[in-house]
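Observations on the model geometry
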Amino acid sequence: MTSSDRSQAVDEKRSYEVRTYGCQMNVHDSERLSGLLEDAGYVRAPEGSDGDADVVVFNTCAVRENADNKLYGNLGRLAPMKTKRPGMQIAVGGCLAQKDRDTIVKKAPWVDVVFGTHNIGKLPVLLERARVQEEAQVEIAESLEAFPSTLPTRRESAYAAWVSISVGCNNTCTFCIVPALRGKEEDRRPGDILAEVEALVAEGVSEITLLGQNVNAYGSDLGDREAFSKLLRACGEIEGLERVRFTSPHPRDFTDDVIAAMAETPNVMPQLHMPMQSGSDPILKAMRRSYRQERFLGIIEKVRAAIPHAAISTDIIVGFPGETEEDFQQTMHAVREARFANAFTFQYSKRPGTPAADMDGQIPKEVVQDRYMRLVALQEEISWEENKKQVGRTLEVMVAEGEGRKDGATHRLSGRAPDNRLVHFTKPEQEVRPGDVVTVDITYAAPHHLLAEGPTPTVRRTRAGDAWEKRNAAPAQPAGVMLGIPTLGVPAPLPAAASGCSVPASS
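Here the structure is a predicted model, which means the values were calculated and not measured. (Residues numbered from 1 in each chain as written. Predicted model: local features only at pLDDT ≥ 70, side-chain atom pairs only at ≥ 80, totals over all residues. Heavy atoms only, no water.)

Our next topic: the overall build of the protein chain. Across its full length, the protein chain carries 16 helices and 21 strands. Partitioning the intrachain contacts of the protein chain with sequence separation of at least 6 by distance along the chain shows that 77% fall at a separation of at least 24. When the accessible surface of the protein chain is totalled, it reaches about 20,600 Å², and 50% of it is carbon and sulfur. (Helix = DSSP H or I, 4+ residues; strand = E, 2+ residues; numbered from the N terminus. Contact = heavy atoms within 4.5 Å. Areas by Shrake-Rupley, 256 points an atom, 1.4 Å probe, with all protein chains shown as cover.)

The following block contains the structure:
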């Protein structure tokens, strides 16, 4: 490419696509990557472009055993497309990039940029440098250069947002590689967090989810053991902020002051996702989890005493090295005692670079599969029983965007109850927008959703709904909102990400 051709390519609006793998922290980072690219003059490629963009960014996860195979398979599919499209660039970031570094360019020499978890803000500069120098740029920072929340963001939702309060993790769980890739915990200053929340609310956001890889350890970097409960209470003072959630806490750091703050702060929702991982004390010890079954169940009991309608969910790993049938039965016992509203269950698989990958006593796959199926069946039964208790209740539901896949065919809308249960309800005659709030009477329960088949008693139009309407009435503007850290719609129950990453599976 000549210098004039290169100049022309830079001046034109180049399109981009970001592909995200892994946990909410990666979702958070991808929102930032999109914001950085748009701030640098790029435009988002249409949905379903499938690599047909000028810049394709892979934001990777290193938790799954086959994460690298998945990445290189996707990179291989893009190689012939890049050959046909002069000027196309491919960038790889995230946890796998932090872990594999130079290996990526060796295996896929058509990759232009490799960057790590600590320097996502460098992506536009690295892309430009790769274009000018016509060679791959690999830059992996060993420590955080800028807190992600200070970077531009392309926010998808007008009414719900993630707010990162910390990065990194100080735990050493034997199944988790995240601390090695994300580093030690670094906390944001409370004033910076609250300023971001207030700015989001001013833009129309009515629900925020506080995000950290060990969210309730917040304050350890600041020297204040009660910093997290204070932060929850401070969020309760922000006018216009209707719902506050957080993910993911660690049982070790779940203290009574946090429970009190949850119970006493009206806009902190009656919902808790707390990874148990196993109900067996010997397995918890082998996992290097700093609590035992009795401690975990004691926290659940305290939460339910303070917040009777709280919906509690968890993560569980089945088939960890050395797990016996007796160990597994202890997990089943803990599940029966805890009565989780929902559980994300995972079959253990080796995570390269973790201590557990080299442990003796690896469990045969057929044994792991059998235990997994028994656990899933038990949890499905409990989830259904717990959901049936909601029948007859009147719930306040925040209307969501994209939550109900069958809403068009069923003439229903969908949203989230305060405890984050998914509710499908009959579409009322009056206009209802995502971000608005309705009250509905629950008539039916399934294991993973509730149904309100009758009329909708009340519809409350909100500033969040106004914000959604304003955004969608301006097609000339980018579909995203350049502020905050959300996902599409009201943040859903935690996705089934691999249980080695502490978001949602706290390590």
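In the structure shown here, the tally under the stated rule is four aromatic pairs. Here Tyr291 and Phe296 contribute two aromatic rings whose centre-to-centre distance is 6.1 Å and whose plane-to-plane angle is 35 degrees, an arrangement assigned as tilted. Judged by relative accessible area, Tyr291 falls into the buried class, the value being 3%. The buried category is assigned to Phe296, whose relative accessible area is 0%. A ring pair is formed by Phe320 and Tyr348, whose centres lie 5.4 Å apart and whose planes are at 70 degrees; its orientation type is edge-to-face. Residue Phe320 is found in the loop between β13 (311-318) and α13 (325-338), and its partner Tyr348 is found in the loop between β14 (342-347) and α14 (365-388); the two are separated by 28 residues along the sequence. If you follow Lys388 out to its NZ or CZ, it ends over the ring of Trp384, 4.4 Å from the centre. (Phe/Tyr/Trp six-rings, centres within 6.5 Å; stacked < 30°, edge-to-face > 60°. Buried < 20%, exposed > 50% of the residue type's maximum accessible area, 1.4 Å probe, protein only. Lys NZ or Arg CZ within 6 Å of the ring centre and 35° of its normal.)

Attention now goes to the pattern of salt bridges. Across all of its chains, the model carries 31 salt bridges by this definition. Here Asp253 and Arg252 are joined by a salt bridge, their closest N and O atoms 3.2 Å apart. We classify Asp253 as buried; its relative accessible area is 16%. With relative accessibility at 36%, the residue Arg252 sits in the partly exposed group. Connected via shared salt-bridge partners are Glu431, Arg433, Asp436, Arg461, Asp466 and Glu469. (Salt bridge = Lys/Arg side-chain N within 4 Å of Asp/Glu carboxyl O.)

Counting buried residues along strand β3 (residues 55-60), six of its six residues qualify, which places the element largely inside the surrounding structure. On β3, burial covers both faces: Val55, Val57 and Asn59 on one face and Val56, Phe58 and Thr60 on the other are all buried. Pairing of strand β1 (residues 15-20) with β3 involves five bridges; the strand directions are parallel. Opposite Arg19, over in β3, you have Phe58 as the bridge partner. Note: β3 against strand β4 (residues 89-94), six bridges, orientation parallel. (Pairing = 2+ DSSP bridges.)

Pairing between the strands of a sheet comes from backbone hydrogen bonds, and it takes one of two forms, parallel or antiparallel. On the basis of which strands lie adjacent, the open sheet formed by three strands has the order β7-β10-β11 and parallel pairing. A strand with exactly one partner marks an edge of an open sheet, and here the two such strands are β7 (160-164) and β11 (243-247). The sheet shows a mean angle of 25 degrees between the axes of neighbouring strands, taken without regard to direction. Relative to strand β10 (residues 207-211), β7 runs parallel, the two being bridged by five bridges. (Axes fitted to C-alpha atoms, helices over the stretch in contact; angles between N-to-C directions.)

This next bit is on helix α12 (residues 293-306). In a regular helix each residue adds 1.5 Å, so 14 residues correspond to 20 Å; α12 covers 20 Å between its end C-alpha atoms and thus fits that length. Of the positions making up α12, those classed as buried are Gln293, Phe296, Leu297, Ile299, Ile300 and Val303. Buried residues of α12, seen end-on, are gathered within an arc of 150 degrees and therefore sit on one face of the element. Exposed residues on α12 whose side chains face more than 90 degrees from its buried face are Glu294, Glu301 and Ala305. Next to the buried residues of α12 lie α10 (256-264), β12 (271-273), α11 (281-287), β13 and α13. (Expected span 1.5 Å × (residues − 1). Arc of directions from axis to C-beta.)

Below, the discussion takes up the sheet that holds strand β18 (residues 437-441). Spatial strand order, β19-β20-β17-β16-β15-β18-β21: seven strands in an open sheet with mixed pairing. Only two strands of the sheet have a single neighbouring strand rather than two, namely β19 (444-445) and β21 (458-460). Pairing between strand β17 (residues 422-426) and strand β20 (residues 450-452): three bridges, direction parallel. Residue pairing for β20: Phe425 is matched across the bridge by Ala452.

Ile208, Leu210, Leu232 and Phe254 are the most contacted members of the largest nonpolar core, which has 63 residues in total. Ignoring anything within four residues of it in the chain, the contact list for Leu210 reads Val163, Ile165, Val215, Phe228, Leu231, Leu232, Cys235, Val244, Arg245, Phe246 and Thr247. Listed in part, the 24 residues of the second largest apolar core include Cys61, Leu71, Leu78 and Ala97. (Core = buried A, V, L, I, M, F, W, Y, C linked by side-chain atoms within 4.5 Å.)

Another aspect to go through is the confidence of the model for the protein chain. Summarising the model, the protein chain shows a mean pLDDT of 87, and 89% of its residues fall at 70 or more. This stretch, residues 1-11, has a pLDDT under 50; its non-local contacts, to residues over four places away or in other chains, come to nine contacts. Long-range and interchain partners of residues 476-507, a stretch whose pLDDT sits below 50, account for 156 contacts in this model, where long-range means more than four residues apart. (pLDDT = per-residue confidence, 0-100.)

Of note, Tyr291 is situated in the loop between α11 and α12. Put simply, Tyr291 and Asp253 are 38 residues apart on the chain and 9.9 Å apart in space, counted from C-alpha to C-alpha. What Tyr291 contacts, discounting residues up to four positions off in sequence, is His250, Pro251, Arg252, Pro275, Met276, Gln277, Leu284 and Phe296. Within the structure, the side chain of Tyr291 is placed 2.9 Å from the side chain of Arg289, a separation counted as a polar contact. (Polar contact = N/O pair within 3.5 Å; in protein donor to acceptor, adjacent residues only side chain to side chain.)

Buried within helix α16 (residues 463-472) are the following residues: Ala464, Gly465, Ala467, Trp468 and Arg471. The buried residues of α16 occupy an angular sector of 155 degrees when the element is viewed end-on, so they sit on one face.

Moving on, we get to the environment of Val201. Inspection of the secondary structure puts Val201 in helix α8 (residues 190-202). Between the C-alpha atom of Val201 and that of Ala158, which follows or precedes it by 43 residues, the distance is 10.0 Å. Leave out the neighbours within four places in its chain, and Val201 touches Ile238, Glu239, Gly240, Leu241 and Arg463.

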